[in-house]
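What the coordinates show
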Amino acid sequence: MDIQEELFDASAEPYIVGGIKAVFYQNPSNFYKVLLVQITETNCDYKEQEIVVTGSFGQIQEEEVYRFYGKLVDHPKFGMQFTSTRYHQEKPTSIEGLIHYLSGDKFPGIGEKTAEAIVDALGEEAIDRINADPDVLVQIPQLNQKKRDTIVEVIQQSNGMEKIIIGLNQYGFGSQLAYSIYQTYQEKTLEIIQENPYQLLEDIEHVGFKKADAIAEQIGIKADSPMRIKAAILFSLNELCLSNGDTYTYAEQLLTKTIEVLESSRSFLIEPESVADEIVHLIDENKLIEDNGKLYIRSLYAAEWGITASIHHMLENSSKIKYSQDIDKEIKIVEKTFNIQYGKSQKEAIKKAVQSPIFILTGGPGTGKTTVLNGIVTLYAELNGLSLDVEDYTEEKPFPILLAAPTGRAAKKMNESTGLPSSTIHRLLGLNGSENQAGEQAEKELSGGLLIVDEMSMVDTWLANQLLRAVPSGMQVLLVGDKDQLPSVGPGQVLHDLLASQKVPSMELNEIYRQGDGSSIITLAHSIKNGELPADFLKPQRDRSFFNCSTFQIEEVIRQVVTKAKAKGFTAQDIQVLAPMYRGPAGIDALNKMLQDIFNPNDTGRRKEVSFNNKVYRIGDKVLQLVNYPEMNVFNGDMGEIVGITYAKETEDKVDEIVIRFDANEVTYKRSEWNKITLAYCCSIHKSQGSEFKMVILPMVKNYHRMLRRDLTYTAITRASELLILCGEPQAFHESVMKSSADRLTTLKERIMGEEESIKSPTDENATKITVVPESKEPVSSVTDQPVQLSMDQENESPQNGLPKEYKLTISKVNNEEVDPMIGMEGVTPYQ
DNA sequence: CTTGTCCA
């Protein structure tokens, strides 16, 4: 068996073997290539002679024959092609093939006759034999020393990849890591690792310090070597900043963390002084930035300043935006076109936005950001005499309004709500994932008159810098988002800081248009946003209720609520259970299993089902997409339904297949792609961002631990458009609301405000950090200090329910089915 | 402990 196949376990994987006819495209900054391949062998259902193969490849020789592993993809623009995840050069196997290979361009000076002589002497195993012992060539009289060297060199080079992979294996890298390391360094792999194993920390994701340090030890790098200490410092800085979302840290914390990293990797005592010395050296070398006692990751320091410069530059252009038309009059025309009436603040936002070089539109869910966004687009087009018909534009004259968002799903939603083309920010900027995070490479400037970015709260410091830097002079920018929702995955809190600086014109929408009057969900959301839990938090309301229970009772409580709701006509699509984490008794995985049994059981045991990763899938299951498939218009976070399951023996490729329907289109997933989906009856709060559900069920228990955060709770409850059912421990809700997330350490706000950095010591900073957390709130602590009893005051609360005065929701009553778990919601059905 | 993006 081929070494690679063994390594990557690729038994029934689709492959294509063929010669390279042309290299259509190669990205100079990474290994991405588009190749035209003349097929000689394949196990795919593909009848043409040629196919386009895309992927990351090292050196690709035209005319050479390669074996590509991957899958067929129907690209909307380029048709059927093969996306390859790994490949290797094919060794010639037949005698004729071998002769052809040896007499080819690769071996200068070797003709057909010489090649024949080599194969005559060494047989079909010639290549392996030369590899094993180059001296076997001496027996061939046609070859002089120079030709022998050429042959050996070329053969060893193409054998290099296998050697490198074996080498990586010996260093203890599994197939996955070995592969990504090889993809990055190619033939230089072993050289780079031997020179400085710590380089892996900078270049390869998922390589930890211990791993790199183990190799370093193996090749004799001493425990107190400056190289090792420096690597540990930079690694610790990254860990500290990225785990908290901060853009800087303090020397003391960095020192402590570094020593911890070093000493937990090798048992060797490290002097704090030597770490401190190396921190100073790194600052001198400009690999670490020190500013007013703060230590920054270089790229983040640059990005904060970059954003600041861009913003200031835009603001200087304020006076250049002038319209001859009467804007108020034009807004009236827009209102007429859409047949709506904007609220006062909405009107003001539209007016300000078209007149500002950069403008922030913010507001919670349901406040009409989308409506205003559409108004701004229409008014902008009106004022500038632009057509909004995409057909009127060409490649030379591109559409002048750019729409983008940090996630594929948000971009898709933008496209649906505006009818205009939109894309991810990455795609807009032409980022391809191989850039370093600093984005220090040259990038293209955008063209157009207006750039609109939605879900700005999810844009991190690096991306914001790259985006704003690509904005040309004169292009207006509109940033839209909700600063209280989940922050970016990457470091920083750009939207928050821009708003806090008060330098950028902005408008916050407060009026709720989505929910009807008297929604207590919105009131609750407002309190949570401000770090409070309202006094009536535990009392059943018309549109929400609370079940007090422990971690281990969550499953049973939710089972009963959902069973009841289902009987009332709520479907799996109407009800969404949200949890912050996957594992544990009250985790997403456990709840999904239970919910699947309610909504889509296999009672008879005779239904078609397939299992994967401890999960069972059946037709009718509600599933969640976990990655982007832009060509299918399906994105990370989209929900669909399984509409078909085909067992391996019934499919052409002999692999199990699942067909999932999303809104309009159906997508087929082979077993190898099943890790791209999961059950969706319960999903993570993160994945729910950007969606809305009639009924949201939200468990909160202390077991969720570090996931108890205000932004998560706020995001979760604001997903509910009609009903919200909370369950769990009141103390857990309390904790989550107390834990503010908008306390990432950043200096963007100060930079934009142009304030002299006040010299703060770490203790000062800690003090400010503490004040960010609101003072203890009386109503909450009084609720949480004692065992909670849910009581309903008959006089004030829903007397129409005719409930007894003392009505306690306890788990035993729920268990005995003495109470209706949808208490207080009698009149509510999904169809009202 | 969870979360995002990428190529003619």
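Residues numbered from 1 in each chain as written. Chains lettered and ligands numbered in written order. Predicted model: local features only at pLDDT ≥ 70, side-chain atom pairs only at ≥ 80, totals over all residues. Heavy atoms only, no water.

**Things to note about the pairing of strand S10 (residues 401–405)**
On a regular strand, each side chain points to the face opposite its neighbour's, so the side chains alternate between the two faces of the sheet. Where we set the bar: Only protein chains enter the area calculation, which uses a 1.4 Å probe; residues under 20% of their type maximum are buried, those over 50% are exposed, and those in between are partly exposed. Every helix listed is a DSSP run of H or I at least four residues long, and every strand listed is a run of E at least two residues long, numbered separately from the N terminus. Whether two strands pair comes down to DSSP finding at least two bridges between them.
By the criterion of burial, S10 is predominantly enclosed, with five of the five residues buried. Taking every second residue as pointing to the same face, both faces of S10 are buried, with Ile401, Leu403 and Ala405 on one and Leu402 and Ala404 on the other. Taken together, the four bridges between S10 and strand S12 (residues 450–453) define a ladder with parallel strand orientation. Residue pairing across strands places Leu403 opposite Ile452, the latter belonging to S12. Where S10 lies against strand S11 (residues 422–424), three bridges are found, and the strand directions are parallel. Pairing of Ala404 across the sheet is with Ser423, part of S11.

**Observations concerning the sheet that holds strand S6 (residues 248–250)**
Pairing between sheet strands relies on hydrogen bonds along the backbone, with the strands arranged either parallel or antiparallel. Spelled out, the test is: Geometry is summarised by axes, namely lines fitted to C-alpha atoms with helices restricted to the contacting stretch, and by angles between N-to-C directions that run from 0 to 180 degrees. Note on contacts: a residue pair is in contact if any heavy atoms of the two residues lie within 4.5 Å.
Taken in spatial order, the three strands make up an open sheet running S6-S8-S7, and their pairing is antiparallel. In the strand order of this sheet, the two ends are held by S6 and strand S7 (288–291), each with one partner. Strand-to-strand twist of the sheet, defined as the mean angle between neighbouring strand axes without regard to direction, takes the value 35 degrees. Across three bridges, S6 lies against strand S8 (residues 294–297) in antiparallel orientation. In the sheet register, Tyr250 faces S8, and the bridge partner there is Lys294. Of the strands in this sheet, S6, S7 and S8 are in contact with helix H12 (residues 251–265), which crosses S6 at around 85 degrees.

**Examining the sheet that holds strand S3 (residues 50–56)**
Pairing is mixed around the closed barrel formed by five strands, whose spatial order is S1-S2-S3-S5-S4. Adjacent strand axes in the sheet meet at a mean angle of 45 degrees when their direction is disregarded.

**Comments concerning helix H22 (residues 520–529)**
Note the following rule: Whenever a nitrogen or oxygen atom comes within 3.5 Å of another N or O atom, the pair is scored as a polar contact, on the condition that within protein one atom can donate a hydrogen and the other can accept it, and that pairs from neighbouring residues in sequence are kept only if both atoms are in side chains.
Among the 10 residues that make up H22, eight are buried, leaving the element largely enclosed by the rest of the structure. When we look at burial in H22, the residues that qualify are Ser520, Ile521, Ile522, Leu524, Ala525, Ser527, Ile528 and Lys529. On its buried face, H22 sits against strand S14 (506–509), strand S15 (544–548), helix H26 (710–717), strand S26 (720–728) and helix H27 (730–738). N-cap assignment for H22: the residue whose side-chain oxygen lies 3.2 Å from the backbone N of Ile521 is Ser519.

**Things to note about a nonpolar patch on the surface**
Selection rule: A residue counts toward a patch only above 30% relative accessible area and without a salt bridge, and it is joined to like-charged neighbours within 9 Å or, for Val, Leu, Ile, Met, Phe, Trp and Tyr, to nonpolar neighbours within 5 Å. Throughout, the Shrake-Rupley method with a 1.4 Å probe supplies accessible areas, and for residues the shown protein chains are the sole cover considered. For this document, the term salt bridge refers to a Lys or Arg side-chain nitrogen within 4 Å of an Asp or Glu carboxyl oxygen.
A surface patch of nonpolar side chains, amounting to about 320 Å² of accessible area, comprises Phe24, Tyr25 and Tyr32. Looking at where Phe24 falls in the secondary structure, it is placed in strand S1 (residues 15–26). Under the relative-accessibility criterion, Phe24 is labelled exposed at 51%.

**A few points about the packing of helix H16 (residues 344–355) against helix H17 (residues 369–383)**
The criterion, for reference: Here roughly perpendicular refers to angles of 65 to 115 degrees, roughly parallel to angles under 35, roughly antiparallel to angles over 145, and oblique to all remaining angles. Two helices crossing with the near one rotated counterclockwise from the far one by less than a right angle form a left-handed crossing, whereas a clockwise rotation gives a right-handed crossing.
One can describe the packing of H16 onto H17 by two numbers: an axis separation of 9 Å at closest approach and a directional angle of 45 degrees. Taken together, H16 and H17 sit at an angle that is classed as oblique. Crossing of H16 against H17: the hand is right-handed. Between H16, through Gln346, Ala349, Ile350, Ala353 and Val354, and H17, the contact on the second element is made entirely by Val372, Gly375, Ile376, Leu379, Tyr380 and Leu383.

**Observations concerning the UniProt feature "binding site: ATP" (unreviewed entry) in chain A**
Put simply, the test is: UniProt positions are given in the numbering used here, feature names are shortened, and annotations may be inferred rather than shown by experiment.
With numbering matched to this structure, UniProt assigns "binding site: ATP" (unreviewed entry) to Gly366, Thr367, Gly368, Lys369 and Thr370. Its location among the elements puts Gly368 in the loop between strand S9 (358–363) and H17. Assessed through its relative accessible area of 15%, Gly368 is described here as buried. If we skip the residues at most four places from it in the chain, Gly368 touches Gln346, Leu509 and Tyr513. Setting aside chain neighbours within four positions, we find Lys369 in contact with Leu361, Thr362, Gly363, Gly364, Val480, Gly481, Asp482 and Leu509.

**Concerning the environment of Phe537**
Along the polypeptide, Phe537 turns up in the loop between H22 and S15. Of the residues examined, Phe537 reaches a relative accessible area of 3% and is grouped as buried. If sequence neighbours within four positions are ignored, Phe537 has contacts with Leu524, Arg544, Phe546, Leu726 and Phe733.

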